[in-house]
Amino acid sequence: MSDAAAAGEPSGQTPDFDNLTRDIADVPAVEVITTVAVHLMSSAAVNLGLAEEGAQHKDLDEARKLIQALAGLVTASATEIGSYHAAPLRDGLKSLQLAFREASTVPDEQGHGPGEKYTGPVHG
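Since the model is a prediction, treat every value here as computed from it, not as a measurement. Each chain has its residues counted from 1, following the order in which its sequence is written. Where totals are concerned, whole chains, interfaces and linings use all residues; where local detail is concerned, this predicted model gives features only for residues with pLDDT of at least 70, and gives and counts side-chain atom pairs only at 80 or more. Remark: hydrogens and water are excluded; side-chain values derive from all non-hydrogen atoms of the structure.

*Asks:* Looking at this structure, I do not really get the overall build of the protein. What am I missing?
*Replies:* When its secondary structure is counted, the protein shows six helices and zero strands. Numbering of helices and strands runs from the N terminus; a helix is a DSSP stretch of H or I covering at least four residues, while a strand is a stretch of E covering at least two. Shown N-terminal to C-terminal, the secondary structure of the protein runs as helices and strands in the order α-α-α-α-α-α. Three exposure classes are used, based on accessible area relative to the maximum for each residue type with a 1.4 Å probe and protein chains only: buried under 20%, partly exposed in between, and exposed over 50%. By the burial criterion, 29% of the 124 residues in the protein qualify as buried.

*Asks:* Is there a simple way to explain the pattern of salt bridges in this structure?
*Replies:* For side chains bearing opposite charge, pairing can occur when the charged atoms are close. Whenever a carboxyl oxygen of Asp or Glu lies within 4 Å of a side-chain nitrogen of Lys or Arg, that contact is scored as a salt bridge. As enumerated under the stated definition, the model contains four salt bridges in all. Glu-62 serves as the salt-bridge partner of Lys-65, at 3.5 Å between the closest nitrogen and oxygen. Of the two residues, Lys-65 and Glu-62 are both situated in helix H4 (residues 60-81); the distance of three residues between them amounts to about one turn of the helix. Sharing partners across several salt bridges, the network here consists of Asp-61, Glu-62 and Lys-65.

*Asks:* Help me understand the nonpolar core in this model?
*Replies:* A general tendency of soluble globular proteins is for nonpolar side chains to be buried together. Working definition of a nonpolar core: buried Ala, Val, Leu, Ile, Met, Phe, Trp, Tyr and Cys residues. They are joined through side-chain atoms within 4.5 Å. Formed by 20 residues in total, the largest nonpolar core has its most connected members in Leu-48, Ile-67, Leu-70, Leu-89 and Leu-96. Considering every element that reaches this core, the biggest residue donor is H4, with eight residues. Only heavy atoms enter the contact rule, under which two residues are in contact if any of them lie within 4.5 Å. Dropping the residues within four chain positions of it, Leu-70 is found in contact with Ala-37, Leu-40, Met-41, Leu-93 and Leu-96.

*Asks:* When you look at the packing of helix H3 (residues 29-47) against helix H5 (residues 83-103) in this model, what are you seeing that I'm missing?
*Replies:* Axis angle and axis distance: for two packed helices, these are the angle between their axes and the distance between the axes, and together they describe the pair. Think of each axis as a best-fit line through the C-alpha atoms, taken over the contacting stretch in the case of a helix, with angles from 0 to 180 degrees between the N-to-C directions. The geometry of H3 relative to H5 is characterised by a closest axis approach of 11 Å and an angle of 15° between their N-to-C directions. In terms of their interaxial angle, H3 and H5 are classed as roughly parallel. Judged by the twist between their axes, the crossing of H3 over H5 is left-handed. Judged by residue contacts, Val-30, Thr-34, Ala-37, Met-41, Ala-44 and Ala-45 of H3 engage His-85, Pro-88, Leu-89, Gly-92, Leu-93 and Leu-96 from H5. In what follows, roughly perpendicular refers to angles from 65 to 115 degrees, roughly parallel to angles under 35, roughly antiparallel to angles over 145, and oblique to any angle outside these ranges. Two helices cross in a left-handed way if the nearer one is turned anticlockwise from the farther one by less than a right angle. They cross in a right-handed way if the turn is clockwise.

*Asks:* Explanation requested: empty space enclosed by the protein in the structure shown.
*Replies:* Rolled over the atoms, a probe with the dimensions of a water molecule shows which regions are left empty. A 1.4 Å probe that fits but cannot get out identifies a cavity on a 1 Å grid over protein atoms alone, an open set with protein on both sides within 12 Å along at least five of seven lines counts as a pocket, and a residue lines either if it has an atom within 4 Å of a point. Grid points are joined across faces, edges and corners, and a volume is the space filled by probe spheres set on the points. Enumeration over the complete set of coordinates arrives at one cavity of 30 Å³ or more. For the largest cavity, the calculated volume is near 50 Å³. Taken together, Gln-97, Leu-98, Phe-100, Arg-101, Asp-108, Gly-113, Pro-114, Glu-116 and Val-122 make up the full set of residues lining the largest cavity. Top element by residues in the lining of the largest cavity is H5. It accounts for four residues. Its residues assigned to classes, the lining of the largest cavity shows four nonpolar, two polar and three charged. Three categories are distinguished: nonpolar for Ala, Val, Leu, Ile, Met, Phe, Trp, Tyr, Cys and Pro, charged for Asp, Glu, Lys and Arg, and polar for the others, with Gly belonging to the last.

And the structure:
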């Protein structure tokens, strides 16, 4: 199946990039940031084995990378998106950091877990 067909475009036609660009321009930055953060959280949770059939998807190396990226995004954008949006993202991030610590057979030293260089040490 071609990319155009997968995107719902009839074969032989290209997407309307002008409309796509205009649509993206209409999305507020806070919505883009929170959407990306939720995708990072979801992917990290799956890689921590927290999804159904979690053991088969567990990959702590991938989870570490995703949590690190999430921590950087949340920390850097918190002042821009405001506490109303940042607070739940911080809570989700902390939950993932604690889940990572629990899932690790050899836990990182306090303050050296994924994202902790941005958030500081995470305590349960």
